[in-house]
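Take a look at the letters that make up each chain.
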Amino acid sequence: AQSVTQLDSQVPVFEEAPVELRCNYSSSVSVYLFWYVQYPNQGLQLLLKYLSGSTLVESINGFEAEFNKSQTSFHLRKPSVHISDTAEYFCAVTDSGGYQKVTFGTGTKLQVIP
Amino acid sequence: GAVVSQHPSWVICKSGTSVKIECRSLDFQATTMFWYRQFPKQSLMLMATSNEGSKATYEQGVEKDKFLINHASLTLSTLTVTSAHPEDSSFYICSARGVGTQYFGPGTRLTVL
C-alpha cells in the first residue's frame, strides 16, 4: 500500500514569485508519481508524471517536479507563478508494477495574489 | 491526448431516487475504469475499480448495493447511486486506465435534496 502526504493545505504566493508545493510519499515497492491540477468545479488534469528515467520532469506550462527517492519526495515547483495558476494541486502515487489504484494526497490550494 | 467524458456534469435529484452517471473513454479502449468520490475541500477517495465484463471491486466501506457499477463495454462504465440521500451529495469522478497513466473525466456533481 502507498500513502501520500501534502503538508501544506494552502499556499498563498504573490504573482511572479516562485512556489514549491511539497509532496512526500511512502511505499514498500517502486512507484509512479503524478501531479494533478483541479480548477474550481472541474475534474482533474494531469500536470506531470514520473514513470522512470530522468528524475526531473516538466510540464508545458512551466511547472517541474523532481523525484527524490532517498527523501521519498516529489515536490512541485514553478519559478514564477501567474494568476491563472490558482487551483488545487494533488500529488498522487501508484505502484509501478500492477498500475491499479492511484492514491491521492489531500491537496494543496495554490492562491496566487495579484 | 486521451479523452474521458462524463454525463451528466451536474444532477439534482430528490431523496430516494436513483441516479445513473456515465463514464466514456472517447478515443481509446479502457478495460479498467475507476470511480472516485470527492467531498468539498477534500481529496479523491477511490470507491471502486470497474473491469470490463466482470464485477467491480469495491473499496472497504463502500456499499456495493448502493453504488452499482456496470462496465458493459470497453468504452463505457456506469455508476448508479440507488436510493440517493443527501449524504450522497458529492463530486463523482471517473478515470480510465491508459498507457502509463490514468485519464480523468470532468466529474459529475450530484446534489440530493
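Just so it is clear, the structure is predicted and the values come from calculations on it, not from any experiment.

Asker: Looking at this structure, I do not really get the interface of chain B and chain A. What am I missing?
Answerer: A common way to report how large an interface is uses the accessible area buried once the components associate. With 22 residues of chain B at the contact, the number on the chain A side is 19 residues. Here chain B packs against chain A, burying approximately 1,500 Å² in sum over the two surfaces, 51% of which is carbon and sulfur. At the boundary of chain B and chain A, one finds 0 salt bridges. The interface formed by chain B and chain A holds 3 residue pairs in polar contact (both at pLDDT 80 or more) in total. At the level of secondary structure, the elements contributing two or more residues to the side of chain B that touches chain A comprise β4 (32–38), β5 (44–51), β9 (90–97) and β10 (102–104) of chain B. Here the side of chain B that touches chain A is composed, by residue class, of 9 nonpolar, 10 polar and 3 charged.

Asker: Would you take a moment to explain the sheet that holds strand β7 (residues 67–73) of chain B for this structure?
Answerer: Two strands in a sheet stick together by hydrogen bonds in their backbones, pointing the same way (parallel) or opposite ways (antiparallel). Residues and elements named next belong to chain B. Pairing within the open sheet is antiparallel, and its 4 strands lie in the order β1-β3-β8-β7. The two strands at the open ends of the sheet, each matched to only one other strand, are β1 (4–7) and β7. Each adjacent strand pair in this sheet contributes to an overall mean axis angle of 15°, direction not counted. Pairing geometry for β1 and strand β3 (residues 19–25), over 4 bridges, is antiparallel. Note on β3: the bridge partner recorded for Q6 is C23.

Asker: Where do I start with the packing of aromatic side chains in this structure?
Answerer: The description of an aromatic ring pair rests on the distance of the ring centres and on the angle between the ring planes. Taken as a whole and judged by the stated rule, the model has 12 aromatic pairs over all chains. Between A:Y36 and A:F104, the ring centres sit 5.7 Å apart and the planes meet at 50°, which makes this aromatic pair tilted. Placement of A:Y36 in strand β5 (residues 31–38) and of A:F104 in strand β11 (residues 103–104) is noted, with a sequence separation of 68 residues between them. Between A:Y36 and B:F104, the aromatic rings sit 4.9 Å apart at their centres with planes inclined by 80°, giving edge-to-face as the arrangement. In this pair, A:Y36 sits in strand β5 while B:F104 sits in strand β10, so the two residues belong to two different chains. Assessed through its relative accessible area of 1%, A:Y36 is described here as buried.

Asker: Would you explain the pattern of salt bridges in this entry?
Answerer: Side chains that differ in charge, positive against negative, can pair when their charged atoms come close. Taken as a whole and judged by the stated rule, the model has 5 salt bridges over all chains. One salt bridge in this structure joins A:R77 and A:E20, with 2.8 Å as the shortest N-O distance. Of the two residues, A:R77 sits in strand β9 (residues 73–78) while A:E20 sits in strand β3 (residues 19–21), which places them 57 residues apart along the sequence. We classify A:R77 as partly exposed; its relative accessible area is 28%. Note that B:K66 is salt-bridged to B:D88, the shortest N-O span being 2.9 Å. One end of the pair, B:K66, is in the loop between β6 (57–58) and β7; the other, B:D88, is in the loop between β8 (76–81) and β9, and 22 residues separate them in sequence. Comparing B:K66 with B:D88, the two get one shared label, buried.

Asker: How should I be thinking about the environment of A:Y50 in this particular structure?
Answerer: Residue and element names in this part refer to chain A. By the secondary structure assignment, Y50 is in strand β6 (residues 44–50). On the basis of relative accessibility, which here comes to 9%, the residue Y50 falls in the buried class. For the pair formed by Y50 and F34, sequence separation is 16 residues and the distance between their alpha carbons is 6.4 Å. In contact with Y50, other than residues within four places in its own chain, are Y32, L33, T55, V57, F67 and F74.

The rules behind the values
Residues numbered from 1 in each chain as written. Chains lettered and ligands numbered in written order. Predicted model: local features only at pLDDT ≥ 70, side-chain atom pairs only at ≥ 80, totals over all residues. Heavy atoms only, no water. Contact = heavy atoms within 4.5 Å. Buried area = accessible area lost by both parts, 1.4 Å probe. Salt bridge = Lys/Arg side-chain N within 4 Å of Asp/Glu carboxyl O. Polar contact = N/O pair within 3.5 Å; in protein donor to acceptor, adjacent residues only side chain to side chain. Helix = DSSP H or I, 4+ residues; strand = E, 2+ residues; numbered from the N terminus. Nonpolar A, V, L, I, M, F, W, Y, C, P; charged D, E, K, R; others polar. Pairing = 2+ DSSP bridges. Axes fitted to C-alpha atoms, helices over the stretch in contact; angles between N-to-C directions. Phe/Tyr/Trp six-rings, centres within 6.5 Å; stacked < 30°, edge-to-face > 60°. Buried < 20%, exposed > 50% of the residue type's maximum accessible area, 1.4 Å probe, protein only.

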